[in-house]
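Reading the structure
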Amino acid sequence: TLEEGYKAEYLVENAEGNGKIAMASKTLLESLKEFSDQPITFEVNDSNLSVSMISLGGKFDFIGQNGAEFPLPNEIEAGATSITISANDLLDGISYTLFATSDDELRPVMTGIYFDIEQEQLTFVATDSHKLVRFTNGNIKSSQKASFILPKKPANMLRTVLAKEDGNSTIEFDGKNACFQLSNYKMYCRLIESKFPEYNRVIPETNPYRIVIDRANLVSAVRRVSAFSDQTTKLTKMEFNNNELKISAQDIEFSCSAIEKVACQYEGDPCQIGFKSSLLIEILQN
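First things first, this report covers the structure right here in the doc. (Residues numbered from 1 in each chain as written. Predicted model: local features only at pLDDT ≥ 70, side-chain atom pairs only at ≥ 80, totals over all residues. Heavy atoms only, no water.)

**Structural notes on the overall build of the protein chain**
Looking only at helices and strands, the protein chain features five helices and 18 strands. Against the globule reference of 19 Å for 286 residues, the protein chain gives a C-alpha radius of gyration of 25 Å, more extended than a compact globule. For the C-alpha atoms alone, the extent of the protein chain along its principal axes is close to 80 × 50 × 35 Å. Burial analysis of the protein chain (286 residues in total) assigns 35% to the buried set. (Helix = DSSP H or I, 4+ residues; strand = E, 2+ residues; numbered from the N terminus. Rg over C-alpha atoms; globule rule 2.2 N^0.38 Å. Buried < 20%, exposed > 50% of the residue type's maximum accessible area, 1.4 Å probe, protein only.)

Structure (structure tokens):
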């Protein structure tokens, strides 16, 4: 079975005759990306499947394959769930969560983005067990509660295409496959068939501490201080007190340490917490 399938429709300036042919994508991409903006003509011989690609200054010949034999994507079952969401909202959901997916093939459930659909909101979730991201969008309407896990590869492809899209996109899915319909682009993909962890259970409902701080300043400070942390643990300590954050790290083995203070909004009791700086920076950058 196919894991992913893509379909795009574009207008041509003129065409003579009808037919189907498959062409090697690598051959086309490596040559077409080197052309300037100019018309390209394809001449196809139906009898032997030879193809001539003609530009303003050249001609390139190669052999295609029978288009009727091209594998078709898996069909979505009748009665599948369907939702509509703007292309920009879908792009945001994927962009804010994709970085948190896992690369561990032994735990495939964590290698994709979880779409948790309720009647008036869509929640995107991703985790690699070290970090977890939950991004909620309330701009959708769904007739039923449903969910699916989108694998990382098609999520990456969608992020690339959605950056050039406007308007709405339609997501249709069953228990095994999904179809993303955009203005002139359609993507089919196999879903990850597994149960996603109960993510809400690991997110505390009530946190006693609330700190407001400039994100860019915090990233820069953590980067500077983490250079002096233990290179194995990358542990960075944070202490909050009277509208001030003190970030510190040390590497006992090499006798080096660093402390930096950053202004913030905090009026509670003094508190401290430690983070692995690389994970914290990755989250803050996204």
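**Digging into the sheet that holds strand E17 (residues 256-263)**
The sheet built from four strands is open, its strands ordered E17-E16-E15-E18 with antiparallel pairing. Looking at the sheet topology across the chains shown, the edges are occupied by E17 and strand E18 (271-276). Here the average twist between neighbouring strands, direction ignored, is 20 degrees. Where strand E15 (residues 235-240) meets strand E16 (residues 244-251), four bridges bridge the pair, whose relative direction is antiparallel. Its bridge partner being in E16, Phe-240 is matched across the sheet by Leu-245. Along the sheet, helix H4 (residues 215-226) contacts E15, E16 and E17; its crossing angle with E16, the most-contacted strand, is approximately 25 degrees. Relative to E18, helix H5 (residues 277-285) is tilted by about 90 degrees, and along the sheet it contacts E15 and E18. (Pairing = 2+ DSSP bridges. Axes fitted to C-alpha atoms, helices over the stretch in contact; angles between N-to-C directions. Contact = heavy atoms within 4.5 Å.)

**Some words on the sheet that holds strand E1 (residues 4-8)**
With antiparallel pairing, the five strands of this open sheet are ordered in space as E1-E14-E13-E12-E7. The open sheet has two free edges, formed respectively by E1 and strand E7 (81-86), since each of these has just one partner strand. In this sheet, adjacent strand axes meet at a mean angle of 15 degrees when their direction is disregarded. Across five bridges, strand E13 (residues 177-181) lies against strand E14 (residues 185-190) in antiparallel orientation. Note that in E14 the partner of Phe-180 across the bridge is Met-187. Along the sheet face, helix H2 (residues 87-97) touches E7, strand E12 (168-173) and E13 and points at about 95 degrees away from the line of E7.

**What about the environment of Ser-142?**
Structurally, Ser-142 is set in the loop between strand E10 (132-137) and strand E11 (146-151). As a C-alpha pair, Ser-142 and Ser-82 span 60 residues in sequence and 7.7 Å in three-dimensional space. With sequence-adjacent residues up to four places away left out, Ser-142 is seen in contact with Ile-83, Ile-117, Glu-118 and Gln-119.

**Side note on the nonpolar core**
Membership of the largest hydrophobic core comes to 29 residues, with the highest contact counts inside it found for Leu-90, Phe-115, Phe-148, Ile-171 and Phe-180. Beyond its immediate sequence surroundings of up to four residues, Phe-148 is in contact with Ile-113, Tyr-114, Phe-115, Ile-117, Ile-171, Phe-173, Phe-180 and Leu-191. In this structure, Val-222, Ala-249, Cys-264 and Ile-281 belong to the second largest nonpolar core, which totals 18 residues. (Core = buried A, V, L, I, M, F, W, Y, C linked by side-chain atoms within 4.5 Å.)

**A word on H4**
With 12 residues, H4 should cover 16 Å at 1.5 Å per step; its first-to-last C-alpha distance of 16 Å lies within 8% of that length. Along H4, the positions that sit buried rather than exposed are Leu-218, Val-219, Ala-221, Val-222, Val-225 and Ser-226. Turning to H4, the residues buried within the fold contact E15, E16, E17 and H5. The N-capping residue of H4, defined by a side-chain oxygen 3.2 Å from the backbone nitrogen of Ala-216, is Asp-214. (Expected span 1.5 Å × (residues − 1). Polar contact = N/O pair within 3.5 Å; in protein donor to acceptor, adjacent residues only side chain to side chain.)

**Digging into a nonpolar patch on the surface**
A contiguous nonpolar surface patch, about 220 Å² in accessible area, is contributed by Leu-32, Phe-42 and Val-44. Assignment of secondary structure puts Val-44 in strand E3 (residues 41-44). Judged by relative accessible area, which is 37%, Val-44 ranks as partly exposed. (Patch = residues over 30% accessible without salt bridge, like charges linked within 9 Å, V, L, I, M, F, W, Y side chains within 5 Å. Areas by Shrake-Rupley, 256 points an atom, 1.4 Å probe, with all protein chains shown as cover. Salt bridge = Lys/Arg side-chain N within 4 Å of Asp/Glu carboxyl O.)

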